[in-house]
Amino acid sequence: MPIETYDIAIIGAGPVGMAATYYAGTRGLKPIIIDTLTEMGGQCTTLYPEKMIYDVASQPGCTGAELVSQLKKQLDNVTYNARLGVSVSELVREQGNDGAESWLLNFKEGDPVRVKSVIVAIGKGSFEPRKLAIAGEELAGVHYTVKKLDVFANKNILVVGGGDSAVDWSLALKGKAKSLVHIHRRDEFRAHGASLEQLREAAIRGELELITPYELRSIQGEAGQVSGATIFEAKTKVERNLVIEAVIVSTGFNPQLGSLSGWGLELEDNKILVDPFRGFATNLPGVFSIGDIAHFEGKVELIVTGFGEAATAAYYAYQHIHGAVKGAAWCAKLPV
């Protein structure tokens, strides 16, 4: 059977990959979007559907699920194909009799596809929660993400972590929980400044207890369910026991690149090195990378910057496929 052929493959169907598919489609390219998950949305769908997002222009605040829903509606305006629940095992460079280059994408499941350009937008790769290796992590009531806020209603909760997700969970749950304690192993947080200020103000108002620099020593349970936790001060090692019913551990994820590490892409610390002055081009011709998986000096990892990278990469992919185009010709491809 003939191999399916597209202009461009977008590998990764999170928000940034969805945006890249839309921008490619508005330029008249024939895109296919690919993901190992069985539905689009990436972490916003599978891990953070109720997490609030504030960094998208025109959105004063929306959940991950709401953002994905809007992106799906936007994709309804272009023609594209999707192959979900599959893994790209190989990226093979080809050269036709006419000298034109293309890429053959082989899958662990199903038939290959051939494309003229590729945009890799797989976020942080497959996401495996970073665990603390402490007693009690296996108990029911220990969570590494929050899919439904109502699960935590009227419960005594401990949140562990200093990044955006940890702070956002505390801000979202402070009005739902019976009590809420938030600990971080340092006084300094990685979270966005405005969110951190809200967290500190909530602590001053008595809506939650913010304790730093503290770490989690162990989790206790009864009948397989969380019933308490022991935390300790990072410097003095003084311990404190908490009566809780749920723990949210938000200390990041260990990125798993899988077969991508064998595609010939130049990597550094599990990130794909790209040139921001050439549309986030990689070391492979016609292959671009955007979003959290891509790295360059000065990189800012936000959804909104990923959207900008998506538009830019689609522009340069179009140029790679059709040759350099002047501004007027490019703009003519935009929807009216």
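Small disclaimer: the values here were computed from a predicted structure and weren't measured.

Peer 1: If you had to explain the sheet that holds strand 22 (residues 294–295) to someone new, which residues and values would you point to?
Peer 2: Ordered in space as 19-20-22, the three strands form an open sheet in which the pairing is mixed. Of all strands in the sheet, those bounded by a partner on one side alone are strand 19 (267–268) and strand 22.

Peer 1: Let's hear about the pattern of salt bridges: which residues, and what values?
Peer 2: Evaluation of the coordinates by the stated rule reveals 16 salt bridges. The partner of R114 in a salt bridge is E94, and the shortest N-O contact between them spans 2.5 Å. With R114 in strand 8 (residues 113–120) and E94 in strand 6 (residues 88–95), this pair connects stretches of sequence that are 20 residues apart. Of the residues examined, R114 reaches a relative accessible area of 25% and is grouped as partly exposed. For E301, the salt bridge goes to K271, with nearest N and O atoms at 2.8 Å. One end of the pair, E301, is in the loop between strand 22 and helix 6 (303–322); the other, K271, is in strand 20 (residues 271–273), and 30 residues separate them in sequence. By relative accessible area, E301 is classed as partly exposed at 35%. Three or more residues are tied together by salt bridges with common partners; here these are K124, K271, D292 and E301.

Peer 1: So what's going on with helix 6? Residues and values would help.
Peer 2: For helix 6, built from 20 residues, the straight-helix expectation of 28 Å at 1.5 Å per residue is met to within 8% by its first-to-last C-alpha distance of 28 Å. The set of residues buried in helix 6 consists of G306, F307, E309, A310, A313, A314, A317, Y318, Q319 and I321. Of the residues trailing helix 6, G323 is marked for its positive phi of about 90°.

Peer 1: Residue-level account of the sheet that holds strand 17 (residues 246–249), with values.
Peer 2: The five strands are arranged 10-17-11-12-13 in an open sheet whose pairing can be described as parallel. Of all strands in the sheet, those with a lone pairing partner are strand 10 (142–143) and strand 13 (209–211), marking the two edges. Where strand 10 meets strand 17, two bridges bridge the pair, whose relative direction is parallel. Looking at the pairing, H143 lines up with I248 of strand 17. Its contacts with the sheet put helix 4 (residues 164–173) on strand 11 (156–160), strand 12 (179–183) and strand 17, and the angle it makes with strand 12 is roughly 165°.

Peer 1: How would you summarise the side chain of S117 if you had to cite specific residues and measurements?
Peer 2: If you trace the backbone, S117 turns up in strand 8. When its relative accessible area of 0% is taken as the criterion, S117 is described as buried. A polar contact is formed between the side chain of S117 and the backbone oxygen of G286, at a distance of 2.7 Å. Setting aside its immediate chain neighbours within four residues, S117 contacts D7, I8, A9, G286, F288, A317, H320 and I321.

Peer 1: Give a detailed account of the packing of aromatic side chains, specifying residues and quantitative values.
Peer 2: What the rule picks out here adds up to four aromatic pairs. Centroid distance Y315 to Y316: 5.4 Å. Interplanar angle 75°. Geometry classified as edge-to-face. A relative accessible area of 23% places Y315 in the partly exposed class. If you follow K51 out to its NZ or CZ, it ends over the ring of Y48, 6.0 Å from the centre.

Peer 1: Before we move on, could you go through the nonpolar core and cite the residues and values that matter?
Peer 2: One finds L105, V118 and I290 to be the most contacted residues of the largest nonpolar core, which totals 59 residues. Sequence-distant contacts of V118, that is, excluding residues within four places in its chain, are made with I8, A9, I11, L91, W103, L105, G286, V287 and F288.

Peer 1: Any chance you could break down the layout of surface pockets for me, citing the residues and the numbers?
Peer 2: In this structure, the second largest pocket encloses a volume near 250 Å³. Around the second largest pocket sit 14 residues that line it, and L132, V160, R185, E215 and T251 are the ones nearest its centre. At three residues, strand 14 (residues 214–222) tops the list of elements feeding residues into the lining of the second largest pocket. Of the residues assigned to the lining of the second largest pocket, the class counts are six nonpolar, five polar and three charged.

Peer 1: Help me get a handle on helix 5 (residues 193–204), residues and values and all.
Peer 2: In an α-helix, one turn spans 3.6 residues, which is why side chains three or four residues apart end up on the same side. For helix 5, with twelve residues, the first-to-last C-alpha span of 17 Å sits near the 16 Å given by 1.5 Å per residue. Every buried residue of helix 5 is listed here: S195, L196, L199 and A202. The buried residues of helix 5 occupy an angular sector of 120° when projected down its axis, which confines them to one face. Along helix 5, exposed side chains directed more than 90 degrees from the buried face belong to G193 and I204. Packing partners of the buried residues in helix 5 comprise helix 4, strand 12 and strand 13. G206 lies just past helix 5 and shows a positive phi near 85°.

Analysis parameters
Residues numbered from 1 in each chain as written. Predicted model: local features only at pLDDT ≥ 70, side-chain atom pairs only at ≥ 80, totals over all residues. Heavy atoms only, no water. Pairing = 2+ DSSP bridges. Helix = DSSP H or I, 4+ residues; strand = E, 2+ residues; numbered from the N terminus. Salt bridge = Lys/Arg side-chain N within 4 Å of Asp/Glu carboxyl O. Buried < 20%, exposed > 50% of the residue type's maximum accessible area, 1.4 Å probe, protein only. Expected span 1.5 Å × (residues − 1). Contact = heavy atoms within 4.5 Å. Axes fitted to C-alpha atoms, helices over the stretch in contact; angles between N-to-C directions. Polar contact = N/O pair within 3.5 Å; in protein donor to acceptor, adjacent residues only side chain to side chain. Phe/Tyr/Trp six-rings, centres within 6.5 Å; stacked < 30°, edge-to-face > 60°. Lys NZ or Arg CZ within 6 Å of the ring centre and 35° of its normal. Core = buried A, V, L, I, M, F, W, Y, C linked by side-chain atoms within 4.5 Å. 1 Å grid on protein atoms, 1.4 Å probe; cavity = no way out; pocket = protein on both sides within 12 Å on 5 of 7 lines; lining within 4 Å. Points joined across faces, edges and corners; volume = space filled by probe spheres on them. Nonpolar A, V, L, I, M, F, W, Y, C, P; charged D, E, K, R; others polar. Arc of directions from axis to C-beta.

On their own, these measurements won't tell you what the molecule is for.
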